[in-house]
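In case you want the letters, here they are:
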Amino acid sequence: MIVAQFEIRDDFRERSCVADNGFCPNWIADNLDRYWAPLGEHVYLTLVAVAIGFVIAAALALVAHRHRRLVGPIVNVTGILYTIPSVAAFFLLLPLTGRGRTTALIALVAYTLLILFRNMIDGLDSVPEESRDAGRGMGLTRRQLLWRVEIPLALPAILAGLRVASTTTVGLVALAFFAGAGGLGEQINADLAFKSNVVICSVLCVVLAATLDGLILLVQRALTPWTRAVSA
Amino acid sequence: MPAALEFREASKQYAGARAPALVGLSLRVEPGETCVLVGPSGSGKTTAMRMVNRMVDLTSGDILIDGRSVREAKPAELRRHIGYVIQHVGLFPHRTALQNIGTVPQLLGWPKQRIAERARELVALVGLEPELADRYPAQLSGGQRQRVGVARALAADPPLMLMDEPFGALDPITRDRLQDEFERLKERVSTTIVFVTHDIDEAIRLGDRIAVLRQGGELAQYATPGELLLRPADAFVEEFVGPDRSLKRLALLQVSDVELEPVGAVASSDTPLSPATSLRDALAALLQEPEGRLPVAEGGQVLGCLTVDAVHAKLRREAGAPSRG
């Protein structure tokens, strides 16, 4: 810890502020570039975890959409994964997968599954039965009905799930340093007592979460114009 | 070209149900005719209709469209050539009215240009304001949605169209207007129609032929509206068409169907009836007249005089009873 403190504070102009572990704008301005690499790791872990989680949840949702009796068991299993505290998951996985990104990603992915899967199923269930009936009656095949009617109509719920999963994952990645996967959490942990350090890392986490949330929201608006159509 | 439709001993037994939903239905719908399936709930009318496009599969018997069994075709292929309108319309909420109308042409692989032209054409045909074409279903009223639903069913010019209580969920005024428009639409599109309703008045108004089904899925009578009202096959049909069947028959007749009496002393203030007025409306007008008589005029020329007695005589003659006077 001492070593880390020396490392992080080697370049400074306001000796007293830094020595007091204070919030030092000048130090921040001079040292901001040391945070880009951890931020990059943070973004990488978040995006990869959410992307893998999305693919797995989508596969599960498509199977469960066809075989409804699987919905319960899948919710139960992903629910159990969801309740395991992520820090505990990191430690549980260490003997199996060792320290590093793989361990962190397995735990992070497991954490997204419940949120993503449930929103996908809720979205598919929200498709009006009469639209389904009319679609089949006009000659859409099962696959056409899925891709042209059911999935588009499920998009608002699916993307809402993606927003929650992404912002939650940004928060959890801050703990991924327990698995030795880097990220902003490692940077915070490098000097927990130094306010400037903690503030930068925290602000970057918040900005990252808000950016992802906003981006997905923009995508949702672009993809689902009918949801904003006001009743006549 | 409108299709001929034939049910041959078509039956349906749903898995797990004790009684069959439909028992040995046999009837033939001629090309271009509107056949209304009517009956109380549990009479199998919707099942019968849904078996035509295989939304429900036959348990036994067969259904032939232009002589070809529906069993032979792939369900999705078959359905693309059969218009389908349901009570709750089932528009796709994420597509505009125009895109909804283009659904089947799109499935059939029409070029985009042709789909757009056809969709615009149908918007006009069903009497939808053109500026509503780019709205989403949530932005349309119930009546407008059902118009889009009918346009969507007609988009690929199907030889056969199935309509399941299409006006059932609308308020009475909108329903009346859409029934009216439907009657006119029938003249302009050449398609065979199977129309399901539980409303005998709607059946009489819109059907060329009416199949009355009874609980348990049996056909009680298959006849033209006039025959049905004049000669109900049994007590069930008689009760189903209602005690006012002579008034319903009047609705099927026009003033021009009755022999008019020479114009006598008719007050000039009387508003004359048109020959195209339904006898039901004419009788209602006559009953308000102290003398029970009204002039009939067309294009300013008085053709004669309609009396309550003449209306009565017409009904009696139709029923085959000797007319009085």
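Structure: see above.
Counting residues in hydrophobic clusters, the biggest one holds 127 residues, and the most contacted among them are L108 of chain A together with L37 and V194 of chain B. In terms of residue count, helix 7 (residues 101-125) of chain A provides more of this core than any other element does, 14 residues in total. V255, L286, L306 and V311 of chain B belong to the second largest nonpolar core, which has 15 residues in total.

Right, let's get into the sheet that holds strand 9 (residues 209-214) of chain B. Residue and element names in this part refer to chain B. In space, the 6 strands of this open sheet follow the order 6-7-8-3-9-10, with mixed pairing throughout. In this open sheet, the two edge strands, each paired with only one partner strand, are strand 6 (82-86) and strand 10 (218-223). Ignoring which end each strand starts from, the neighbouring axes of this sheet average 15 degrees apart. As paired elements, strand 6 and strand 7 (residues 160-164) share 5 bridges and run parallel to each other. Counted as the bridge partner of I86 is D164 from strand 7. In the packing of helix 1 (residues 45-52) onto the sheet, contacts are made with strand 3 (34-38), strand 6, strand 7, strand 8 (192-197) and strand 9, and the angle to strand 8 comes to roughly 150 degrees.

Quick look at the interface of chain A and chain B now. Taken together, the contact pairs 19 residues of chain A with 23 residues of chain B. Every element with two or more residues in the side of chain A that touches chain B is listed here: helix 8 (129-137) and helix 9 (142-173) of chain A. With 6 residues, the single largest contributor to the side of chain A that touches chain B is helix 8 of chain A. Tallied by class, residues from the side of chain A that touches chain B come to 11 nonpolar, 5 polar and 3 charged.

Residues and elements named next belong to chain B. With a phi close to 50 degrees, D66 is a non-glycine residue in the positive phi region. Relative to the helices and strands, D66 is located in the loop between strand 4 (60-65) and strand 5 (68-69). Of note in the backbone geometry, E165 takes a positive phi value of approximately 40 degrees without being a glycine.

What counts and what doesn't
Residues numbered from 1 in each chain as written. Chains lettered and ligands numbered in written order. Predicted model: local features only at pLDDT ≥ 70, side-chain atom pairs only at ≥ 80, totals over all residues. Core = buried A, V, L, I, M, F, W, Y, C linked by C-beta atoms within 7 Å. Buried ≥ 20, exposed ≤ 12 C-beta atoms within 10 Å, placed from the backbone. Helix = DSSP H or I, 4+ residues; strand = E, 2+ residues; numbered from the N terminus. Pairing = 2+ DSSP bridges. Axes fitted to C-alpha atoms, helices over the stretch in contact; angles between N-to-C directions. Contact = placed C-beta atoms within 7 Å. Nonpolar A, V, L, I, M, F, W, Y, C, P; charged D, E, K, R; others polar.

All we've got here are geometric facts, nothing functional implied.
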